[in-house]
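Examination of the molecular architecture
As a plain string of letters, each chain reads:
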Amino acid sequence: MNVLFVVGPGRSGSTILANVIGEMPGVFAAGEVRWLFRRGMMERRLCGCGHPPADCDVWGPVIRDVSAVAPADEIVSWQHEVASLSRRWRLLRGTDDTDVLDRYAAAMRTVYGSLVRTTGADWIVDSSKRPQDLAVALRGAGRDRVAVVHLVRDPRAVAASWSRTKAQPDRPEGGRMRRNPPLKSALRWVEINLGAEVLRRARAPLAWTTVRYEDLIADPRSVFGKVADLMGLDRDGLPFTGDRTVALGPNHTVAGNPDRFNRGEVEIHRDAGRSEGLPASHRAVVSAITAPFARRYDYPPRP
């Protein structure tokens, strides 16, 4: 099995990136696999096909396989323990070596392997985004079988996106995604990107490419081609129908941004802008917190 793992802060374009790549021959977009156990198995939130994962033709067999390893609530407890703040940096550097980590990595290996058998795909796209989950994927799938896309976006735009209300139809009863205040969004932005860089340096060499959201929407063909090259796939397999439009079919993403339910011809475009709707005082706070690290990705220290 081969895994393309998308790491980076939420609201940075991971859903469209994963779903477009998932349309290529031999590729299966799994969504945010880390949520399979709690949201998918325990809460029965909807798969991209519109059914709870246990009732899905793809995820049903996977759930049966992983349930033979351990019940969902036990795997969730492993997740929390492995990614706890007291252990996280050892996990990212590859120095954590415990029975719990081995059990959780084995569960993830079961999920990936079962997806390969069920879908016949050569590549599984996991858009779980957190660097600690990438560390587990490397242990479960094997570092030689994991390619990484580090997706980044201007932190002011990320904070603005998290401040807006968004419907979340993957719950059977409907609902809305949580909103994060700018301070939390900024701290999370630093945490995720710093963790990704720590892991990258500690685990080098890795098949890794960094993609800026702004570049993705400015020249989508080029950026998606870059990702296809990383995976060793033919760019002609990308589902472009125009310079900025792609054809998206039904999918089986287990969790992620509600945009994963989009179907048909979809235009790749900027959403509500960089930081529109975010008060100047909030932009200043986000800029101050993220400035030292934002420069690494060529984002200006001020909005």
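Refer to the structure presented above.
Throughout what follows, the structure given in this document is the object of discussion. (Residues numbered from 1 in each chain as written. Predicted model: local features only at pLDDT ≥ 70, side-chain atom pairs only at ≥ 80, totals over all residues. Heavy atoms only, no water.)

Looking at the overall build of the protein chain
Spelled out, the test is: The numbering of helices and of strands both runs from the N terminus, where a helix is a DSSP run of H or I of at least 4 residues and a strand a run of E of at least 2. Whether a residue is buried, partly exposed or exposed follows from its accessible area with a 1.4 Å probe, protein chains only, as a fraction of its type maximum: under 20%, in between, or over 50%, in that order. Computed by Shrake-Rupley with a 1.4 Å probe, the accessible areas treat only the displayed protein chains as cover when residues are assessed. In this count, Lys and Arg are taken as positive residues and Asp and Glu as negative ones, while His and the chain termini are left out. We put the charge of a Lys on NZ, of an Arg on CZ, of an Asp on CG and of a Glu on CD.
The secondary structure content of the protein chain amounts to 12 helices and seven strands. Taken over the C-alpha atoms alone, the protein chain extends approximately 50 × 45 × 40 Å along its principal axes. When the 303 residues of the protein chain are sorted by exposure, 55% land in the buried category. By element, 49% of the accessible surface of the protein chain is carried by carbon and sulfur atoms, the whole surface being about 12700 Å². Both charge centroids of the protein chain, one from 45 positive and one from 35 negative side chains, sit 6 Å from each other.

Some points on the layout of surface pockets
So the rule is basically this: Both cavities and pockets are sets of points on a 1 Å grid over the protein atoms alone; in a cavity a 1.4 Å probe fits but cannot get out, in a pocket the set is open with protein on both sides within 12 Å along at least five of seven lines, and lining residues sit with an atom within 4 Å of a point. Grid points are joined across faces, edges and corners, and a volume is the space filled by probe spheres set on the points.
Approximately 190 Å³ is the volume attributed to the second largest pocket. Lining of the second largest pocket is provided by Arg 34, Trp 35, Arg 38, Val 76, Gln 79, His 80, Ala 83, Ser 84, Arg 88, Arg 130 and Gln 132. Among the elements that take part in the lining of the second largest pocket, helix α4 (residues 72–82) stands out by supplying three residues, more than any other.

Remarks on helix α6 (residues 99–119)
Rule in force here: To estimate how far a helix should extend, the number of its residues minus one is multiplied by 1.5 Å.
Counted at 1.5 Å a residue, the expected span for α6 with its 21 residues is 30 Å, and the 30 Å between its end C-alpha atoms agrees. Where α6 ends, the next residue or the one after it, Gly 120, has phi of about 75°, a positive value.

Overview of the packing of aromatic side chains
Going by this rule: Centres within 6.5 Å make a pair out of two Phe, Tyr or Trp rings, where for Trp the six-membered ring is used; the pair is then stacked when the planes are under 30 degrees apart, edge-to-face when over 60, and tilted otherwise.
According to the stated counting rule, one finds four aromatic pairs in the structure shown. With centroids separated by 6.5 Å and ring planes inclined at 55°, the aromatic side chains of Phe 28 and Trp 59 adopt a geometry described as tilted. Of this pair, Phe 28 sits in strand β2 (residues 27–31) while Trp 59 is found in helix α3 (residues 59–67), placing the two residues 31 residues apart along the sequence. There is no split in this pair, since Phe 28 and Trp 59 are both buried.

Some points on the nonpolar core
Cut-off, in case you're wondering: Here, nonpolar core means buried Ala, Val, Leu, Ile, Met, Phe, Trp, Tyr and Cys residues that are tied together by side-chain atoms lying within 4.5 Å of each other. Note on definitions: a residue-residue contact is assigned when non-hydrogen atoms from the two residues lie within 4.5 Å.
Phe 37, Trp 59, Val 111, Leu 115 and Leu 134 are the most contacted members of the largest nonpolar core, which totals 50 residues. If you tally residues by element for this core, the top one is α6, at nine residues. Excluding residues within four positions of it along the chain, Val 111 makes contact with Val 33, Leu 36, Phe 37, Trp 59, Val 62 and Val 66. Judged by nonpolar contacts, the second largest core, of 28 residues, contains Val 6, Ile 21, Ile 217 and Ala 228.

Some points on the environment of Thr 98
Using the following cut-off: Polar contacts, as counted here, are pairs of nitrogen or oxygen atoms within 3.5 Å of one another; within protein the pair requires one atom able to donate a hydrogen and one able to accept it, and residues that are adjacent in sequence qualify only if both atoms are side-chain atoms.
With respect to the helices and strands, the residue Thr 98 is situated in the loop between α5 (85–93) and α6. The class of Thr 98 is partly exposed, set by a relative accessible area of 26%. Through-space distance from the C-alpha of Thr 98 to that of Val 82 is 8.8 Å; in sequence the pair is 16 residues apart. There is a polar contact of 2.7 Å between the side chain of Thr 98 and the side chain of Arg 87. At a separation of 3.2 Å, a polar atom in the side chain of Thr 98 contacts the main-chain amide nitrogen of Leu 101.

Brief notes about a nonpolar patch on the surface
Defined as follows: Only residues whose relative accessible area exceeds 30% and that form no salt bridge enter a patch; like-charged residues are grouped when within 9 Å of one another, and nonpolar side chains (Val, Leu, Ile, Met, Phe, Trp, Tyr) when within 5 Å. Each reported salt bridge corresponds to a side-chain nitrogen of Lys or Arg within 4 Å of a carboxyl oxygen of Asp or Glu.
Together, Leu 183, Leu 187 and Val 285 make up a nonpolar patch on the protein surface, roughly 250 Å² of accessible area in all. Mapped onto the fold, Leu 187 is located in helix α9 (residues 182–203). Residue classification places Leu 187 among the partly exposed residues on the basis of a relative accessible area of 47%.

Section: the sheet that holds β2
Here is the rule: Here the rule is simple: two strands pair whenever DSSP picks up at least two bridges between them. An axis is simply a line fitted to the C-alpha atoms; with a helix, the fit covers only the stretch in contact. Between two such axes, the angle follows the N-to-C directions and lies from 0 to 180 degrees.
Strand order in the open sheet made by the five strands is β2-β3-β1-β4-β5, with parallel pairing throughout. Both outer strands of the open sheet, β2 and β5 (207–212), are each paired with one neighbouring strand and no more. Each neighbouring strand pair of the sheet contributes to a mean axis angle of 20°, computed without reference to strand direction. With four bridges joining them, β2 and strand β3 (residues 123–129) adopt parallel strand pairing. Paired with Ala 29 across the two strands is Val 125, which belongs to β3. Those strands touched by helix α1 (residues 14–21) are β1 (2–7), β2, β3 and β4 (146–152), and its axis lies near 175° from that of β3. In the packing of α6 onto the sheet, the strands contacted are β1, β2 and β3, and the crossing angle to β3 comes to about 140°.

Points about the side chain of Arg 156
With respect to the helices, strands and loops of the structure, Arg 156 is situated in helix α8 (residues 155–162). By relative accessible area, Arg 156 is classed as buried at 2%. Within the structure, Arg 156 has its side chain in polar contact with the backbone oxygen of Pro 300 (distance 2.9 Å).

A word on the pattern of salt bridges
Tallied over the entire structure, the rule returns 18 salt bridges. Residue Arg 130 is joined to Asp 133 by a salt bridge in which the shortest nitrogen-to-oxygen separation is 2.6 Å. Here Arg 235 and Asp 229 are joined by a salt bridge, their closest N and O atoms 2.6 Å apart. Since its relative accessible area comes to 44%, Asp 229 is described here as partly exposed. Taken together, the shared-partner salt bridges in this structure form one network comprising Arg 34, Arg 130 and Asp 133.

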